Amino acid sequence: MDGSHAASRLRIVLGHLGCPSAVVAHPTSGALPLTSFHPQQFQYTLDNNVLSLEQRKFYEENGFLVIKNLVSDADIERFRNEFERICKQEVKPLGLSIMKDVTIVKSEYALSEKVVTKIQDFQEDEELFRYCTLPEILKYVECFTGPNIMAMHTMLINKPPDSGKKTSRHPLHQDLHYFPFRPSNGIVCAWTAMERIDRNNGCLVVLPGTHKGTLKPHDYPQWEGGVNIMFHGIQDYDKNNAHVHLVMEKGDTVFFHPLLIHGSGQNKTQGFRKAISCHFASSDSHYIDVKGTSQENIEKEIVALAKKLHGIEDVSLQDFWRFRARLVKGERTNL
Ligand SMILES: CCCC(=O)SCCNC(=O)CCNC(=O)[C@H](O)C(C)(C)COP(=O)(O)OP(=O)(O)OC[C@H]1O[C@@H](n2cnc3c(N)ncnc32)[C@H](O)[C@@H]1OP(=O)(O)O
Ligand SMILES: Nc1ncnc2c1ncn2[C@@H]1O[C@H](COP(=O)(O)OP(=O)(O)OP(=O)(O)O)[C@@H](O)[C@H]1O
Ligand SMILES: O=C(O)CCC(=O)C(=O)O
Ligand SMILES: [Fe+2]
Ligand SMILES: [Mg+2]
């Protein structure tokens, strides 16, 4: 599939969606009832009445699905305010990590919204964690995870204006590289634009269909201007695969598969481009030991950092994940 084909398909699907409520009822799509299709036709989505047949097929084929206008302006305003309170250190949520851009991490700037590139692990911040419990988000998440849903990993990304060294880019990667749990089809990322996001301020770039491949080896890219800690990238992806730039309006939300290759471009504006996201997984999943796999490098890095920063020893990668995971729907069966 070439880029323009992918882009036009995307436009068709997006144009079709209109508003979220139209997705559920879908009276005029002319789609056949799902029961007339053999269930094994679908590998990446579950049977329920939330996704239209067209949306299911799109996700199956492409590994992502954009739902327009899913999160309200009022909720986004609340997330923005809470992020500002965190940056001003008016609140210090337990377990939260605050990341600065590599170009300024060694300088002495006081903590403020202008030096934070992203915050991670806000599971103990009631206001931000509301994002992971919004019914409109979970309704879609359930199509991929099933009814027992864990919020595994949370982030609010505040992509800064690029300093000129292109460190505001996020290299192409698969999120599964970071996750020691399986199966991959029971994991989905929800990523919501907190403002209009396009090529100017560094939108997501996805390689449609790459979720059908395997987990690739990841390492730091050889970028002249430096690269952020933990921002591993894939060195050998198929350069001929279509790249789709996801231009999104405030509140639009993309759901994507953890094997989908994606990244984000540099922020060429003077604003701090914001998105909030959570990776969800079925609680029926299981942890894996990543030793001897391509994920061993990220495990070593995280374990070494935990020791250096917090003096934590003999804690496995699985324990880190078990500790921050939170049930948001159904039952905590396994993870
Ligand atoms: C789907 C994506 C999923 C994921 O990303 S899952 C990956 C999970 N990631 C994590 O668990 C990382 C969590 N974050 C953290 O550990 C910390 O926030 C982080 C980023 C290390 C910063 O920790 P702080 O407590 O603020 O510590 P610090 O400022 O003293 O930094 C510790 C060492 O790290 C370095 N560092 C921090 N931010 C950096 C950056 N942006 N680029 C490059 N290096 C960076 C920093 O220079 C310091 O190293 P050194 O001790 O000076 O040699
Ligand atoms: N040299 C590189 N090595 C690895 N990944 C790269 C490299 N250059 C860009 N990328 C990543 O590839 C993705 C797509 O980049 P691309 O240049 O197509 O888009 P962009 O930078 O967002 O937009 P634009 O080119 O319009 O500025 C981004 O995620 C970016 O971080
Ligand atoms: O730039 C972004 O908002 C996406 C970042 C991302 O893909 C990640 O942190 O895994
Ligand atoms: Fe990612
Ligand atoms: Mg570019």
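Residues numbered from 1 in each chain as written. Chains lettered and ligands numbered in written order. Predicted model: local features only at pLDDT ≥ 70, side-chain atom pairs only at ≥ 80, totals over all residues. Heavy atoms only, no water.

A.B. asks: I would appreciate a short explanation of the overall build of the protein chain in the present structure.
C.D. replies: The helix and strand inventory of the protein chain stands at eight helices and 16 strands. Out of the 335 residues belonging to the protein chain, those deemed buried represent 51%. Contacts in the protein chain between residues at least 24 apart in sequence constitute 82% of all its contacts with a sequence separation of at least 6. Carbon together with sulfur atoms contributes 52% to the accessible area of the protein chain, which is approximately 15300 Å² in total. (Helix = DSSP H or I, 4+ residues; strand = E, 2+ residues; numbered from the N terminus. Buried < 20%, exposed > 50% of the residue type's maximum accessible area, 1.4 Å probe, protein only. Contact = heavy atoms within 4.5 Å. Areas by Shrake-Rupley, 256 points an atom, 1.4 Å probe, with all protein chains shown as cover.)

A.B. asks: I'm lost on the site of ligand 1 in this one. Help?
C.D. replies: Surrounding ligand 1, one finds 19 residues, the nearest of these being Lys-100, Lys-106, Asn-228, Ile-229 and Lys-308. Relative to its unbound accessible surface of 1000 Å², ligand 1 loses 73% to contact with the protein. Listed by contribution, the elements that provide at least two residues to the shell around ligand 1 are strand S2 (97–100) and helix H7 (296–310). Ranked by the residues each element gives to the shell around ligand 1, the list is headed by S2, at four residues. The residue makeup of the shell around ligand 1, split by class, is nine nonpolar, five polar and five charged. (Near = heavy atom within 4 Å. Nonpolar A, V, L, I, M, F, W, Y, C, P; charged D, E, K, R; others polar.)

A.B. asks: Before we go on, may I ask you to explain helix H3 (residues 53–62) in this structure?
C.D. replies: Counting along an α-helix, one turn takes 3.6 residues, and residues three or four places apart therefore face a common direction. Along H3, seven of the ten residues are buried, which leaves the element largely enclosed by surrounding structure. Taken together, the buried positions of H3 are occupied by Leu-53, Gln-55, Arg-56, Phe-58, Tyr-59, Glu-60 and Asn-62. One or two steps after H3, the chain reaches Gly-63, where phi turns positive at roughly 85 degrees.

A.B. asks: What should I look at first to understand the nonpolar core in this one?
C.D. replies: Side chains of a nonpolar character, in soluble globular proteins, are inclined to be buried together. Core analysis: the biggest nonpolar cluster contains 60 residues, and Tyr-131, Ile-137, Trp-191, Phe-255 and Phe-280 have the highest contact counts within it. A per-element tally of this core places helix H6 (residues 135–145) first, with six residues. Not counting residues within four places of it along the chain, the set of residues in contact with Tyr-131 comprises Val-71, Phe-79, Ile-137, Ala-190, Trp-191, Thr-192, Thr-253, Ile-276, Ser-277 and Cys-278. (Core = buried A, V, L, I, M, F, W, Y, C linked by side-chain atoms within 4.5 Å.)

A.B. asks: What is the right way to look at the site of ligand 3 in this model?
C.D. replies: Residues in contact with ligand 3, as listed here, are Lys-118, Met-155, Ile-157, His-170, His-173, Asp-175, Trp-191, Leu-204, His-262, Ser-264 and Arg-273. Interatomic distance of 3.1 Å between a side-chain N/O atom of Trp-191 and an oxygen atom of ligand 3. Separating an oxygen atom of ligand 3 from a side-chain N or O atom of His-262 is a distance of 3.0 Å. For ligand 3, the accessible surface in isolation is 300 Å², of which the surrounding protein chains cover 94%. The residue makeup of the shell around ligand 3, split by class, is four nonpolar, four polar and three charged. (Polar contact = N/O pair within 3.5 Å; in protein donor to acceptor, adjacent residues only side chain to side chain.)

A.B. asks: I tried to follow the packing of aromatic side chains on my own but got confused; where do I start?
C.D. replies: What describes a pair of aromatic rings is the distance from one ring centre to the other and the angle between the planes of the rings. Taken as a whole, this structure holds nine aromatic pairs when the rule is applied. Taking the centre distance of 5.5 Å and the plane angle of 35 degrees together, the rings of Tyr-140 and Phe-255 count as tilted. On the criterion of sequence distance, the pair formed by Tyr-140 in helix H6 and Phe-255 in strand S12 (residues 253–256) is long-range, its members being 115 residues apart. Relative to Phe-181, the ring of Phe-179 has its centre 5.2 Å away and its plane inclined at 15 degrees; by these criteria the two rings are stacked. Take Phe-179: its relative accessible area is 2%, and that puts it in the buried class. Judged by its relative accessible area of 1%, Phe-181 falls in the buried class. Against the face of Trp-223 rests Arg-169, its NZ or CZ located 3.8 Å from the ring centre. (Phe/Tyr/Trp six-rings, centres within 6.5 Å; stacked < 30°, edge-to-face > 60°. Lys NZ or Arg CZ within 6 Å of the ring centre and 35° of its normal.)

A.B. asks: When you look at the side chain of Thr-167 in this model, what are you seeing that I'm missing?
C.D. replies: Along the polypeptide, Thr-167 turns up in the loop between strand S4 (149–159) and strand S5 (170–173). Taking the relative accessible area as the measure of exposure, Thr-167 reaches 3% and is therefore buried. Residues within four places of Thr-167 in sequence aside, it is in contact with Asp-101, Val-102, Thr-103, Asp-162, Gly-225, Gly-226 and Asn-228.

A.B. asks: Looking at this model, I keep getting lost on the side chain of Thr-45. Mind explaining?
C.D. replies: Along the chain, Thr-45 falls in the loop between helix H2 (20–25) and H3. The exposure class of Thr-45 is buried, given its relative accessible area of 5%. Beyond its immediate sequence surroundings of up to four residues, Thr-45 is in contact with Leu-51, Arg-56, Tyr-59, Glu-60, Cys-143 and Phe-144.

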